[in-house]
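Here's the letter readout for the chains.
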Amino acid sequence: MDTRTPMIAGNWKMHKTPQEAGVAAQKVKDLVKGVEGVDVMIAPSFVGIPAVAAAVAGSGIIVAGQNMHWEPQGAYTGEVSAPMLADAGATCVIIGHSERRQYFGETDDTVNKKVRAALAQGLLPVMCVGESEEERDAGKTFEVLDRQVAGGLEGISMTPDKPLVVAYEPVWAIGTGKTATPDQAQEAHAHIREKLASVMGKSLANATRILYGGSVKPGNIAELMAKDDIDGALVGGASLQPESFARIIRFREQ
Ligand code: PGA
C-alpha cells in the first residue's frame, strides 16, 4: 500500500564492536545516499549505539536498540532502559525478537510492558512475532500470531502519532537459509493486519508497517516486497555486510 513507507531494518545481533559498527554504518550511509522512499534502520549492540548514531547523523538512518527493560531505571543488573537508549542516540527499539523469547525468557507479558514503555519514551517499537516450525506443522500459525499480537498490545491504546512496527519472523526461517515463500509471508502478514485491525481499528492497522524477517537476502527481497502486506524487512545475517544490506535497501533497483 502506497501510504506505508517501506522500512528495511538491519539487526546486527551480537556482532561488531562499537568501532566496527561505526565503520559499517558509515559505509551503509554512503552506499544508500540518494535512495528515497524507504526508511533504513540499524540496530547495533547497545554499546555500538553511540558510534552508529554518530556515523549516520544527518542521513535519516534510524538507530535502534535490540531490546530494552520496561522500567526507566532501577536495580536490574545488566539491563538498559528506554531513556538510556534515547540518550545514546536510538529512536527505535526491537522488542520480543524470537531469540529473546527462546533464550532469555521473553514472554508476551514482558513484550507488552516493553512496548508500553517504548511508546511512552517516544521510541518506535518493532514488535516481533512468529511461529516455530512445530507450531506451523501443527497448523497453529495463526493461533500463535493472534496470541502474540493480542498479548503484546494488550491494554495499549494506540494513536496515530505514536506508531508501532510489527515484524513477522517465522522462527524456522531465522538464520537457517529457509525463507518463507512470498505467498506464505503474505498470508501471515494479511492475517496479522486483520488481527491488528481488531485490536487498534482498521485505519491504524492499515497504517502499520509489517516487516518480514527470516533469511532475507538481496536475491529474495524484491519478490517479498512485491506483496501487498509486506512493508519491509528485518534483516539479520545479510545486513552485516554493508554492500549486501545496501542492495536490500535498494530493492526497487533489483
Ligand atoms: P536472518 O535474521 O536474516 O539472519 O535470518 C533475521 C532476524 O533474526 O531478524
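That block above? That's the structure.
Residues numbered from 1 in each chain as written. Predicted model: local features only at pLDDT ≥ 70, side-chain atom pairs only at ≥ 80, totals over all residues. Heavy atoms only, no water.

### Thoughts on the overall build of the protein
For the protein, the helix and strand inventory stands at 11 helices and eight strands. Oriented by its inertia axes, the alpha-carbon framework of the protein measures out at about 50 × 45 × 35 Å. Classification of the 254 residues of the protein by burial places 54% in the buried group. Pairs at least 24 residues apart make up 72% of the contacts formed inside the protein by residues separated by at least 6 positions. Roughly 11,200 Å² of accessible area belongs to the protein as shown, and the carbon and sulfur atoms make up 51% of that amount. The protein carries 25 positive and 31 negative side-chain charges, and their two centres are separated by 3 Å. (Helix = DSSP H or I, 4+ residues; strand = E, 2+ residues; numbered from the N terminus. Buried < 20%, exposed > 50% of the residue type's maximum accessible area, 1.4 Å probe, protein only. Contact = heavy atoms within 4.5 Å. Areas by Shrake-Rupley, 256 points an atom, 1.4 Å probe, with all protein chains shown as cover. Lys, Arg positive; Asp, Glu negative; His and termini not counted. Charge placed at Lys NZ, Arg CZ, Asp CG, Glu CD.)

### Some points on unusual backbone geometry
Unusually for a residue other than glycine, Lys-16 sits at a positive phi of about 75°. Tracing the chain through its elements places Lys-16 in the loop between strand E1 (7-11) and helix H1 (18-31). In the Ramachandran plot, Ser-215 falls in the positive-phi region, its phi being about 55° despite a non-glycine side chain. With respect to the helices and strands, the residue Ser-215 is situated in the loop between strand E7 (209-213) and helix H10 (221-225). Classification of Ser-215 as buried rests on a relative accessible area of 15%.

### Quick look at the pattern of salt bridges
Under the definition given, this model contains 12 salt bridges. Note that Lys-227 and Asp-183 form a salt bridge whose closest N and O atoms lie 2.7 Å from each other. Here Lys-227 is found in the loop between H10 and strand E8 (232-235), whereas its partner Asp-183 is found in helix H8 (residues 182-200), with 44 residues between them in sequence. What makes Lys-227 partly exposed here is its relative accessible area of 25%. With a relative accessible area of 53%, Asp-183 lands in the exposed category. (Salt bridge = Lys/Arg side-chain N within 4 Å of Asp/Glu carboxyl O.)

### Quick notes on the site of the ligand
Taken together, 13 residues are adjacent to the ligand, and Lys-13, His-97, Glu-169, Gly-175 and Ser-215 come closest. Between the ligand and the protein, one listed contact pairs an oxygen atom with a side-chain N or O atom of His-97 at 2.7 Å. Gly-237 places a main-chain nitrogen or oxygen 2.8 Å from an oxygen atom of the ligand. The residue makeup of the shell around the ligand, split by class, is four nonpolar, seven polar and two charged. (Near = heavy atom within 4 Å. Polar contact = N/O pair within 3.5 Å; in protein donor to acceptor, adjacent residues only side chain to side chain. Nonpolar A, V, L, I, M, F, W, Y, C, P; charged D, E, K, R; others polar.)

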